[in-house]
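Observations on the model geometry
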Amino acid sequence: MADGTKPSAAPFFAEVADGPAAAQWIAAADGVRLRAVHWDAAAPRGTVLILTGRTEYAEKYGRVASDLVALGYGCATLDWRGQGLSHRGHDDAMRGHVDRFSEYQDDLDAFLTHVQSLGLPRPYHMLAHSMGGCIGLRALIRGVGFDSACFTAPMWGVLMRPTLRVAAWGLSSASRLVGLSHLPSPGRSATLEEAAEAAEANMLTRDQESFDWVRRQVALHPELGLAAPSLHWLHEALRETWALSRLPSPALPCLTLLGTEEWVVDSTRIRQRMARWPGAALEMIEGGRHELLIEDAETRGTRIDRIARHFG
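Keep in mind it's a predicted model, so treat the numbers as computed, not measured. All residue numbers here refer to positions counted from 1 along the written sequence of the relevant chain. Per-residue local features of the predicted model are confined to residues with pLDDT of at least 70, and side-chain atom pairs are confined, for both listing and counting, to 80 or more; whole-chain, interface and lining totals are unaffected and use all residues. The basis for the side-chain values is all heavy atoms of the structure; hydrogens and waters are excluded.

**Concerning the sheet that holds strand S9 (residues 281–285)**
For clarity, the threshold we go by: A pair of strands counts as paired when DSSP detects no fewer than two bridges linking them. Strands here are runs of E lasting at least two residues and helices are runs of H or I lasting at least four, both read from the DSSP assignment and numbered beginning at the N terminus.
Taken in spatial order, the nine strands of this open sheet run S1-S2-S3-S5-S4-S6-S7-S8-S9, and their pairing is mixed. Of all strands in the sheet, those with a lone pairing partner are strand S1 (8–9) and S9, marking the two edges. Note: strand S4 (residues 47–51) against strand S5 (residues 74–79), four bridges, orientation parallel. Of the residues in S5, the one forming a bridge with Ile50 is Thr77.

Shown next, in the form of structure tokens:
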């Protein structure tokens, strides 16, 4: 572990993840406790490191990991600080919050150290979704040791109307000055119940069974859930995505999948990034929504097969 102590067993809710996995507590360099989870494969041809989105947690990727293991890949993921079973630093445990976006890089560094200590085999392939795509891109630009990368609906920009974007910058900045940055971002669900209703209305996935499966996970284990981000988180996210947009693309094989019905992240920023990423591929998924891998088994399998071909 980053703080010099040994990992210890952590809970994993196999009954809602559709299968078991090994989970450990690890620590970032600043001592924040994180949950890391891995799935072993027989004679693995490499390891896929899943970087999850905001509000997500390891159990949500149980089916994805099972599919990848069946294709011969070991898998590992972690709960970022402030979500899942990792430490939550905000007074309101349901509020998505981080002091600085760079702290997610500390989490990732501790995770990679843990993965290496487990002896999980190379090559290491990044599979990053939404906010995980923002964290993952920063890591690749830093030169962290991945051999290839796949992004699904990466958060390289926060989607909002131009007028609201100006207001969001102003409000989130001003909130820090007057000590109100702990408050929830406007237009976001402040409670788990509101978040569930908003997700259902907005249709993150086309598959109702998969949607219900994820909702059952949080219903049975509400400690996994997360509601609105804080104004502070929003300000950090806006700053980080803007900073990343000014940087060149890393020299690494990359595949990005983006749905034509994306409503959470900024598709324009994704297209701009991929247009200036030499040798990378952007594939548009007709009718795809934000949760491109939270779909029925056949649809999910087709997309994971495509990702595996990229990794291979």
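The discussion continues.
**Points about the environment of Gly84**
The test is simple: Residue contacts follow a heavy-atom distance rule, with two residues in contact if any of their heavy atoms lie within 4.5 Å.
With respect to the secondary-structure elements, Gly84 resides in the loop between S5 and helix H3 (102–117). Gly84 sits 139 residues away from Glu223 along the chain, and the two C-alpha atoms are 7.1 Å apart. Residues in contact with Gly84, not counting those within four places in the same chain, are Glu56, Tyr57, Asp79, Glu223 and Leu224.

**What to know about the environment of Leu247**
Note the cut-off: Burial status follows relative accessibility: with a 1.4 Å probe on protein chains alone, a residue under 20% of its type maximum counts as buried, one over 50% as exposed, and anything between as partly exposed.
Take Leu247: it is sitting in the loop between helix H8 (231–245) and strand S8 (254–259). Given the relative accessible area of 26%, Leu247 is considered partly exposed. Sequence separation of Leu247 and Arg273 is 26 residues, and the distance between their C-alpha atoms is 9.5 Å. Beyond its immediate sequence surroundings of up to four residues, Leu247 is in contact with Arg138, Ile141, Arg273 and Arg276.

**Points about the side chain of Thr256**
Here Thr256 lies in strand S8. A residue is classified by how much of its surface remains accessible, and Thr256, at 0% relative accessible area, is buried. Beyond its immediate chain neighbours, meaning those up to four positions away, Thr256 contacts Phe151, Pro154, Trp156, Ile270, Met274, Ala281, Leu282 and Glu283.

**Digging into the confidence of the model for the chain**
The following threshold applies: As a per-residue measure, pLDDT tells how confident the predictor is, with possible values from 0 to 100.
Looking at the chain, the pLDDT average stands at 89 and 84% of residues meet or exceed 70. Counting contacts from residues 163–169, a segment whose pLDDT is below 50, to residues more than four positions away or on other chains yields 12 contacts.

**Things to note about the pairing of strand S3 (residues 33–39)**
With six of seven residues buried, S3 lies mostly within the body of the structure. Pairing geometry for strand S2 (residues 22–27) and S3, over six bridges, is antiparallel. Residue pairing in the sheet places Ala23 in a bridge with Val37 of S3. Adjacent in sequence and paired antiparallel, S2 and S3 are bridged by five residues, among which Gly31 carries a positive phi angle near 90 degrees.

**A word on the packing of aromatic side chains**
Note the following rule: In this analysis, rings of Phe, Tyr and Trp, with Trp reduced to its six-membered ring, are considered paired at centre separations within 6.5 Å, and the interplanar angle assigns stacked below 30 degrees, edge-to-face beyond 60, and tilted for intermediate values.
Inspection of the entire model under this criterion finds eight aromatic pairs. Here Phe12 and Trp39 contribute two aromatic rings whose centre-to-centre distance is 6.1 Å and whose plane-to-plane angle is 85 degrees, an arrangement assigned as edge-to-face. Of this pair, Phe12 sits in the loop between S1 and helix H1 (14–17) while Trp39 sits in strand S3, and the two are 27 residues apart along the sequence. The buried category is assigned to Trp39, whose relative accessible area is 7%.

**Remarks on the packing of H3 against helix H4 (residues 131–142)**
We apply this condition: Every axis in this analysis is a line fitted to C-alpha atoms, fitted for helices over the stretch in contact. Angles between the N-to-C directions lie between 0 and 180 degrees. Put simply, angles under 35 degrees are roughly parallel, angles over 145 are roughly antiparallel, angles from 65 to 115 are roughly perpendicular, and the rest are oblique. Classification used: nonpolar for Ala, Val, Leu, Ile, Met, Phe, Trp, Tyr, Cys and Pro, charged for Asp, Glu, Lys and Arg, polar for all others including Gly.
Closest axis-to-axis distance for the H3/H4 pair is 10 Å, and the angle between their directions is 75 degrees. Classified by the angle their axes make, H3 and H4 are roughly perpendicular. Facing Tyr104, Gln105, Leu108 and Asp109 of H3, the residues of H4 in contact are Met131, Ile135, Arg138, Ala139 and Arg142. For the contact of H3 with H4, the per-class residue count stands at five nonpolar, one polar and three charged.

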